[in-house]
Structure formats: structure tokens, C-alpha cells
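Residue-level listing of the chains:
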Amino acid sequence: MRVAVISAEAVPYSKTGGLGDVAGALPKALKAVGIDSVLITPCYWQTKGEHLWDTAIHDLNVDWRGGIYPAKAFYSEANGSPTFLIDAPSYFHRDSIYGYREDHERFAFFNHAALVLLKRIGAAPDIVHLNDWHCGFAAVEIASARRWDPYWQNTRTVFSIHNMAYQGGFGMDDLWKFGFGDAFQQNAFALDGHASAMKAGLAVSDILSTVSPTYAKEIQTAEYGYGLEWLTRQRSDRLIGITNGVDYDVWNPETDKDIPVNFNLSDLSGKAECKKALLEHFSLPVDLERPIFANITRLTAQKGIDLMMQVAGDIIAAGAYIISLGSGEKKYEEFWQALRNYAPQQVGIYRGYNEPLAHFIEAGADMFMMPSKFEPCGLNQMYSLRYGTIPIVRAVGGLQDTVQNWDAVSSSGNGFKFGPYRADRFLERIYEALFAYSDKEAWSVIQQNGMREDHSWENAARKYVQLYQWALS
Ligand code: ADP
């Protein structure tokens, strides 16, 4: 079986969030279970030169908007498996990866160029695995080409939803420019008078998946379906949830090069060293008895920042530290800054994106807050589990699937979770966590329960293989 994974971002070439982690790790995991795959992703201005091994194709002439766009394709295996990076400077050499008025055109081009590239490099893959709205265009192109182009006749498409909230909407008129002029194509994109790339992907792909079993159910409801729940319900017989894995080559406290002292399940002394170094890094007084509550995230409403704002004062009053790494909406950035000003001895903040610091915080913190409004899978709670940092989460999406409440009677559970999106419920769990933290023996059991778990990609990759087989059958 040959698989082509197409994604707008992939580690280590580019990353803004979980999609990058997943698309970077899945091809390597597929290879480990015996599946040949190729990854296709854009070459951004942000993609580091050291990751571009070779110019594989100098003249990837992409027929585009009535002319020819002279793109190039680089080759790399920096993520551990064959990757082609499409180099189209006018679309991808920009200050940020997303956030432009013509994003839909940038990714429509990327999709078409990816399919041109596949034809150029050999026989059609059995499976084209598409990710999020950015890849809705390729789903439609393959579904329509299958009717007349023998090359695509036996190819099946799998469309993975990493976040239903971003749907790639644009005006129907633009469809013509991208070559989607016939009725089948227009219908695929049409949603309430505009075009939606997410809707197109959901409507025409052979199999749909999302990144946790709970999220697969949630996106069939009005609360989490963002207006597309009718379609996910309609196609629920071909929709399944597969929880993302963790790349333990990157996220492993035993080998992590971004943390001052390595540690593992049988010896957590290094974690205390990391905590001390982390407090010093943020110029906070070192008191190892006080717990550190951490948060690393994009600062958007999705991540439950409003709830964190409501409980932060109580955490400070309880004498704990708070360390936050993130950037995003201004009001949230201002809040963390104000909290730091209010309690400079207890609060450390870093505004921005900083991968090594994310590792350092995971290693040094005691608890990780993730009170998300919705969370398709979530990766940080799984990183936290491996680093002995106890997650306190809302029971939603992948958080529901990966975190089990601590139960002192049976000594089971790996964290703390609450249901309704309410600050008082969140605070209840925070106090429970503080209570457990004060009992060193209990705390160590919770840590061990989490650290022992295996969320590696191998399991997830096997499930994807079953999914691909299903698509082909
Ligand atoms: P989402 O994809 O919704 O942002 P996930 O939990 O699935 O959420 O993945 C987020 C990923 O991005 C994690 O690897 C996390 O460590 C990383 N991340 C988020 N914000 C930052 C930041 N400011 N600095 C470094 N890493 C970050």
C-alpha cells in the first residue's frame, strides 16, 4: 500500500499547532509498521534551510489560473520519512504561515501542486491522506478526476479533521479561478451561499477521521460541529476517531536535550532539578514545596483562557506558582502580563512561541492546566503525562479520552478533570490536585500512572492502516 500524506504544516518543517506535530510524525510511524508513505507540505519562509536536503524538482510547472506557475520541490527526510516541500515563493514566503485574506488561494494552489507532483514522481498512491480545510481542494480534485483520469481511478481519499472550528470559507466566485467550475465541484464546496473547503473535504472524501473518539462524536452535535454537524451525522458511517500519538523521539524526559536534567519513571530526582532551574529561569524565588501550575498554548478562546483568568487569583492565594507560555489574542496576553505584575514572585510568563521552553516547562512544572472549551485531541496533556506533570483538564474531546480522574481509594487515574465549562468546577479540581500534591506518596503514584502510559504513534499508525484498508475495500 502506498500512501501520500498532504498537510499545510508538518514538524520539523513548519508548525503552528497540533496539526504540525501529527503530520510530521504519522509518516514515520507508518514506515515503522511497514507502510510506504510520502509527505507533501509547503516550503515556507520559516522552514529551516538545514531541513531542505535537495532540490528534487527544479521545474514543477503547475498549471494555475490560466498560466503556468514555475514552482520547485525540495526533498528531505528530516522527519524520518520521504518528504517533498513545494516551493512557491509568492504564496509561502511570508511573515506567518496563516492569516492572509487569500489563504484559500494559497492552499488551493498547494493542493493542486501536490497532485501535479504526485503524477510527476510515479504511479498514483493507493491512499491520499488529507488534513483539515487546507486540503479540501485536493479531495474534490481527486473525486472529480477519478471520473475521467485513469491515473486517479484506484486512489481513495481519507480526510482528517484536526479542528472543526477552522473551515476555510471564501466566495463561490473564486472556485472558477481554481478550476472548480463544474456542478459536482461547485456543489461540493457550496455552504449557505459561500464556499467552504472543510465542507468540501467532508462531503467528497471516501473516509473521514478525526483525532479522538470523543471528538468524532462531538462534531456530530451543534455545540461542536460549527454548522457542519448535519454533514458529519450524514456521513457518520464512515467517520472514526483515532487518538493522536506522541513522538517520544521528541518528547521524552529521558533524552530531551532542551531540559537541564534528564529523568525517568524510576528516578524523578531530575525533575526536581528541572523545577529549580525553571523557577530560576523565570526569576522566581525557589521554593520547591510550592507547586507550579503551567500552561502552554495558543491564546484563543478555545483553550479555556477565560476559565484560567477566573481561577488564577485563587491559585496565587493558595501560594502556588503559575507559568504561562503562549501568544495570541491581545486581551489574554494582557491578562497574563497583569497577573505577572500583580504577583511577580509567583508568576512567570513568556509571550511568544518557543519550542525549547515548552519542553523545559513540561519538565519543571507540577501541574498542567488545559480547561479547553473544545479540544479535538490535545497533545500537551499527553506530553505532561510523560514528564510527570499532572494534567488538570476539561472532560472534552481528546482530553476526555486520555485523562482519567485520580481516585485515591483505588490509586488509579493520571490527572484531574471536570465537565461543565465553569470556573467553580475547574477550581474544585485544582483544590483536589493541591490536596493530592500535599501527600507526596499519592502524588508520586499519580505521576507514575501517567508516565507509564504508552501514547506512542505505533498504536495510532496501526489504526490508520486499518482505516486505509477500509477505504480501499
Ligand atoms: P492546538 O493544535 O489546538 O494548538 P495541541 O495541544 O494539539 O493544540 O497542540 C499544540 C502544540 O503546539 C503542542 O505541541 C504545544 O506544545 C505547541 N505550542 C502551543 N503554543 C506554543 C508556544 N507558545 N510555544 C511553544 N509551543 C507551543
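Once a new chain begins, its residue numbering starts again from 1 and follows that chain's sequence as written. Where local features are concerned, this predicted model is filtered to residues with pLDDT of at least 70; where side-chain atom pairs are given and counted, the filter is 80 or more; whole-chain, interface and lining totals use all residues. The basis for every side-chain value is the complete set of heavy atoms in the structure, and neither hydrogens nor water enter the calculation.

1. Quick look at the overall build of the chain
Turning to step 1, where the next piece is worked out: Along its length, the chain carries 19 helices and 18 strands.
Turning to step 2, where the next piece is worked out: In this setup the radius of gyration rests on C-alpha atoms only. A globule is expected at 2.2 Å times the number of residues raised to 0.38. Since a compact globule built from 473 residues should have a radius of gyration of about 23 Å, the 23 Å found for the chain is in line with a globular shape.
Turning to step 3, where the next piece is worked out: Its C-alpha atoms give the chain principal-axis dimensions of roughly 70 × 45 × 40 Å.
Turning to step 4, where the next piece is worked out: Only protein chains enter the accessibility calculation, which uses a 1.4 Å probe; a residue is then buried when its area is under 20% of its type maximum, exposed when over 50%, and partly exposed in between. Scored against the burial criterion, the 473 residues of the chain give a buried share of 60%.
Turning to step 5, where the next piece is worked out: Note on charges: Lys and Arg go in the positive column, Asp and Glu in the negative column, and His and the chain ends are not counted at all. For charged residues, the charge sits on one atom: NZ in Lys, CZ in Arg, CG in Asp, CD in Glu. Taken together, the 43 basic and 55 acidic charged side chains of the chain have centroids lying 3 Å from each other. Each helix corresponds to a stretch of at least 4 residues labelled H or I by DSSP, and each strand to a stretch of at least 2 residues labelled E; elements are numbered beginning at the N terminus.

2. Regarding the domain arrangement of the chain
Turning to step 1, where the next piece is worked out: Each domain span listed reflects an automatic or database assignment of domains. As far as domains go, the chain holds domain 1 (2–245 + 458–472) and domain 2 (269–454).
Turning to step 2, where the next piece is worked out: Here domain 1 and domain 2 have C-alpha centroids that lie 33 Å from each other.
Turning to step 3, where the next piece is worked out: With 20 residues of domain 1 at the interface, the matching set in domain 2 holds 19 residues.
Turning to step 4, where the next piece is worked out: Defined in terms of a 1.4 Å probe, buried area is the accessible area two parts forfeit on being brought together, summed over both. Taken over both partners, the interface formed by domain 1 and domain 2 buries close to 1400 Å², and the fraction arising from carbon and sulfur atoms is 54%.
Turning to step 5, where the next piece is worked out: It is Lys15, Thr214 and Tyr224 in domain 1 that bury the most area against domain 2; as a group they hold 26% of the surface buried on that side. Here, two residues are considered to be in contact whenever any of their heavy atoms come within 4.5 Å of each other.

3. Let's talk about the sheet that holds strand E8 (residues 169–170)
Turning to step 1, where the next piece is worked out: Strand order in the open sheet formed by 3 strands is E8-E10-E9, and the pairing between neighbours is antiparallel. Each having just a single partner strand, E8 and strand E9 (190–191) make up the two edges of the open sheet.
Turning to step 2, where the next piece is worked out: The sheet contact formed by E8 and strand E10 (residues 194–196) spans 2 bridges and is antiparallel. Paired with Gly169 across the two strands is Ser196, which belongs to E10. Two strands are said to pair when DSSP picks up at least two bridges between them.

4. Observations concerning the site of the ligand
Turning to step 1, where the next piece is worked out: Proximity is defined per residue: if any heavy atom of the residue lies within 4 Å of a molecule or strand, that residue is considered near it. Near the ligand you find 21 residues, and of these Lys15, Gly18, Arg298, Lys303 and Gly352 are the closest.
Turning to step 2, where the next piece is worked out: Polar contact is defined as a pair of N or O atoms within 3.5 Å, subject to the rule that within protein one atom must be able to donate a hydrogen and the other to accept it, and that residues adjacent in sequence are counted only when both atoms are side-chain atoms. One of the side-chain N or O atoms of Arg298 is found 2.8 Å from an oxygen atom in the ligand.
Turning to step 3, where the next piece is worked out: Asn354 is positioned such that a nitrogen or oxygen atom in its backbone is 3.0 Å from a nitrogen atom of the ligand.
Turning to step 4, where the next piece is worked out: Computed with a 1.4 Å probe, the accessible areas rest on the Shrake-Rupley method; for each residue, only the protein chains presented here act as cover. Bound to the protein, the ligand loses 93% of the 560 Å² it would expose on its own.
Turning to step 5, where the next piece is worked out: Secondary-structure elements contributing two or more residues to the shell around the ligand are helix H1 (18–32), strand E13 (292–299), strand E14 (321–328), helix H14 (355–364) and helix H15 (380–386).
Turning to step 6, where the next piece is worked out: With 3 residues, the single largest contributor to the shell around the ligand is E13.
Turning to step 7, where the next piece is worked out: Amino acids outside the nonpolar list (Ala, Val, Leu, Ile, Met, Phe, Trp, Tyr, Cys, Pro) and the charged list (Asp, Glu, Lys, Arg) are all regarded as polar, and Gly is one of them. Along the lines of polarity and charge, the residues of the shell around the ligand split into 7 nonpolar, 9 polar and 5 charged.

5. Looking at the sheet that holds strand E18 (residues 416–418)
Turning to step 1, where the next piece is worked out: Taken in spatial order, the 6 strands make up an open sheet running E15-E14-E13-E16-E17-E18, and their pairing is parallel. Strands at the two margins of the open sheet, each flanked by one partner only, are strand E15 (347–351) and E18. Strand-to-strand twist of the sheet, defined as the mean angle between neighbouring strand axes without regard to direction, takes the value 15°.
Turning to step 2, where the next piece is worked out: Bridge analysis of E13 against E14 gives 8 bridges, and the strand direction is parallel. Paired with Ala294 across the two strands is Ile323, which belongs to E14.
Turning to step 3, where the next piece is worked out: Throughout, an axis means a line fitted to C-alpha atoms (over the contacting stretch in the case of helices), and angles, computed between N-to-C directions, take values from 0 to 180 degrees. Against the sheet, helix H12 (residues 305–317) engages E13, E14, E15, strand E16 (367–370) and E18, with an angle of about 160° to E13.

6. Regarding the environment of Tyr383
Turning to step 1, where the next piece is worked out: With respect to the secondary-structure elements, Tyr383 resides in helix H15.
Turning to step 2, where the next piece is worked out: Among the residues examined, Tyr383 registers a relative accessible area of 4% and is labelled buried.
Turning to step 3, where the next piece is worked out: With 24 residues separating them in the primary sequence, Tyr383 and His359 have C-alpha atoms 8.8 Å apart.
Turning to step 4, where the next piece is worked out: Leave out the neighbours within four places in its chain, and Tyr383 touches Asp21, Val246, Trp251 and Glu362.

7. Notes on the nonpolar core
Turning to step 1, where the next piece is worked out: Definition used in this section: a nonpolar core is a set of buried Ala, Val, Leu, Ile, Met, Phe, Trp, Tyr and Cys residues joined via side-chain atoms within 4.5 Å. Ranked by internal contacts, the top residues of the largest apolar core, which has 103 residues, are Phe109 and Phe137.
Turning to step 2, where the next piece is worked out: Shared between two domains, this core holds at least three residues of each, these being domain 1 (2–245 + 458–472) and domain 2 (269–454).
Turning to step 3, where the next piece is worked out: Contact partners of Phe137, with chain neighbours within four places excluded, come to His104, Phe107, Ala108, Asn111, Phe170, Phe178, Phe180, Phe189 and Ala197.
Turning to step 4, where the next piece is worked out: Phe416, Ala423, Leu427 and Trp443 belong to the second-largest nonpolar core, a separate cluster that totals 35 residues.

8. Here we look at the pairing of strand E6 (residues 127–131)
Turning to step 1, where the next piece is worked out: Counting buried residues along E6, 5 of its 5 residues qualify, which places the element largely inside the surrounding structure.
Turning to step 2, where the next piece is worked out: One ladder, built from 5 bridges, connects E6 with strand E7 (residues 156–161); its direction is parallel. Bridging across to E7, Asn131 finds its partner in Ser160.

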